[in-house]
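Residues per chain are reported as follows:
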Amino acid sequence: MKAVFLDKDGALADDLPYKVEPQRISLCSGAGPALRLLSRLDYRLFVVSNQAGIAFGRFNEGDMETVHDRLQDLLFREHLTLDGFYYCPHHPDGSVGAYACDCHCRKPMPGMLLQAARDHGIDLRSSWMVGDILHDVEAGNRAGCRTMLIDNGNETEWRLGPRRIPTRMAPDLYAAAVLIASHGDMA
Ligand SMILES: [Mg+2]
Ligand SMILES: [Zn+2]
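This one's a predicted model, so the numbers in the text were calculated from it and none came from an experiment. (Residues numbered from 1 in each chain as written. Chains lettered and ligands numbered in written order. Predicted model: local features only at pLDDT ≥ 70, side-chain atom pairs only at ≥ 80, totals over all residues. Heavy atoms only, no water.)

1. Some thoughts on the overall build of the chain
Stage number 1. Secondary structure summary: the chain contains five helices and six strands in total.
Stage number 2. Start at the N end of the chain and walk to the C end: the helices and strands fall as β-α-β-α-β-α-β-α-β-β-α.
Stage number 3. Over its C-alpha atoms the chain spans a radius of gyration of 15 Å, differing by no more than 12% from the 16 Å that the globule rule assigns to 187 residues.
Stage number 4. Taken along its principal axes, the extent of the C-alpha atoms in the chain is 50 × 40 × 35 Å.
Stage number 5. For the chain, the residues scored as buried account for 50% of the 187 residues in total.
Stage number 6. Pairs at least 24 residues apart make up 63% of the contacts formed inside the chain by residues separated by at least 6 positions.
Stage number 7. Total accessible area on the chain stands at roughly 8800 Å², and carbon and sulfur atoms take up 49% of it. (Helix = DSSP H or I, 4+ residues; strand = E, 2+ residues; numbered from the N terminus. Rg over C-alpha atoms; globule rule 2.2 N^0.38 Å. Buried < 20%, exposed > 50% of the residue type's maximum accessible area, 1.4 Å probe, protein only. Contact = heavy atoms within 4.5 Å. Areas by Shrake-Rupley, 256 points an atom, 1.4 Å probe, with all protein chains shown as cover.)

In structure tokens form, the structure reads like this:
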């Protein structure tokens, strides 16, 4: 089985300051058609999201359940199913003891993708990581996936490196899906 791993804030959903208020979460423009195209090509869909706000005490894991429910609801309305929702609650400088640590799940580390692959039997080499910053790209590359950078202005540092080169770049999620679809045809 193959998958598309989606960064939540800025790739799948609009990146807003109040990220856990369910009513304010909305899918990025074109997300429905994009993900239906990928779903028709038998890609399973996963969210992999850094949520350091938990480590800083701004919200908690219960809030993430609400966010997960909201995303499932929005995707259901688009006739889509989310196969898994993974988030990293950690940050090394966090203020909430249990979450203030270095971990293997916070992107650019690949832990969430590796866990999803184990949980769901995903072949990482035929899968894609899609995100809006180079930490997403690095996490995908470290996991052995193909990688897609949605170049929508959210990456501002452009710290490049050998693991931070995306396979492809696209201006938005729909263009990304079309590129993934055509990339598969060429392989
Ligand atoms: Mg993002
Ligand atoms: Zn983590």
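2. Side note on the coordination of the magnesium ion (ligand 1)
Angles at a metal have ideal values that depend on geometry: 109.5 degrees with four tetrahedral donors, 90 or 180 degrees with six octahedral donors.
Stage number 1. The protein atoms that coordinate the magnesium ion (ligand 1) are Asp7 (OD), Asp9 (O) and Asp132 (OD), at distances spanning 2.2 Å.
Stage number 2. If you list the donors of the magnesium ion (ligand 1) from N- to C-terminus, the spacing comes out as D-x1-D-x122-D. In this pair, Asp9 sits in the loop between strand S1 (2-6) and helix H1 (31-40) while Asp132 sits in the loop between strand S4 (128-131) and helix H4 (134-143), placing the two residues 123 residues apart along the sequence. Residues Asp9 and Asp132 agree in their burial class; the two are buried. (Donors = N, O, S within 2.8 Å, 3.2 Å for Na, K, Ca; no water.)

3. Structural notes on a nonpolar patch on the surface
Stage number 1. Among the surface-exposed residues, Trp158, Leu160, Ile165 and Met169 lie close enough to one another that they form a single nonpolar patch of about 410 Å² accessible area.
Stage number 2. When you line up the elements, Met169 lands in strand S6 (residues 168-170). (Patch = residues over 30% accessible without salt bridge, like charges linked within 9 Å, V, L, I, M, F, W, Y side chains within 5 Å. Salt bridge = Lys/Arg side-chain N within 4 Å of Asp/Glu carboxyl O.)

4. Section: the coordination of the zinc ion (ligand 2)
Stage number 1. For the zinc ion (ligand 2), every protein donor is listed as Cys88 (SG), His90 (ND1), Cys103 (SG) and Cys105 (SG), and the spread of their distances is 2.0 to 2.3 Å.
Stage number 2. Geometry at the zinc ion (ligand 2) is tetrahedral, judged from the four donor atoms that bind it and their angles of 103 to 117 degrees at the metal.
Stage number 3. Along the chain, the residues donating to the zinc ion (ligand 2) fall in the pattern C-x1-H-x12-C-x1-C. For the pair formed by Cys103 and Cys105, the shared burial category is buried. (Tetrahedral: all angles 85-135°; square planar, octahedral: opposite > 155°, others 65-115°.)

5. Describing the nonpolar core
Stage number 1. By size, the foremost hydrophobic cluster in this structure holds 40 residues, and its most contacted members are Leu35 and Leu173.
Stage number 2. Mapped onto this core, the elements with two or more residues apiece are S1, H1, strand S2 (43-50), helix H2 (61-77), strand S3 (84-88), S4, strand S5 (146-150) and helix H5 (173-186).
Stage number 3. In terms of residue count, the dominant contributor to this core is H5 (six residues).
Stage number 4. Residues in contact with Leu173, not counting those within four places in the same chain, are Leu6, Ala11, Leu12, Ala31, Ala34, Leu35, Val130 and Ile150. (Core = buried A, V, L, I, M, F, W, Y, C linked by side-chain atoms within 4.5 Å.)

6. Remarks on the environment of Asn141
Stage number 1. Relative to the helices and strands, Asn141 resides in helix H4.
Stage number 2. A relative accessible area of 24% means that Asn141 is categorised as partly exposed.
Stage number 3. Distance in space between the C-alpha atoms of Asn141 and Arg163 is 6.1 Å, their sequence separation being 22 residues.
Stage number 4. Those residues in contact with Asn141, other than ones at most four positions away along the chain, are Thr147, Arg163, Arg164 and Ile165.

7. Quick word on the packing of aromatic side chains
The geometry of an aromatic ring pair is captured by two quantities: the separation of the ring centres and the angle between the planes.
Stage number 1. If you walk through the whole model with that rule in mind, you get three aromatic pairs.
Stage number 2. With 6.0 Å between their ring centres and 55 degrees between their planes, Phe85 and Tyr87 make a pair best called tilted.
Stage number 3. Since its relative accessible area comes to 12%, Phe85 is described here as buried.
Stage number 4. What links up through ring pairs into an aromatic cluster is the set Phe5, Phe46 and Tyr86.
Stage number 5. Above the face of the Tyr43 ring, Lys2 is positioned so that its terminal group lies 4.2 Å from the ring centre. (Phe/Tyr/Trp six-rings, centres within 6.5 Å; stacked < 30°, edge-to-face > 60°. Lys NZ or Arg CZ within 6 Å of the ring centre and 35° of its normal.)

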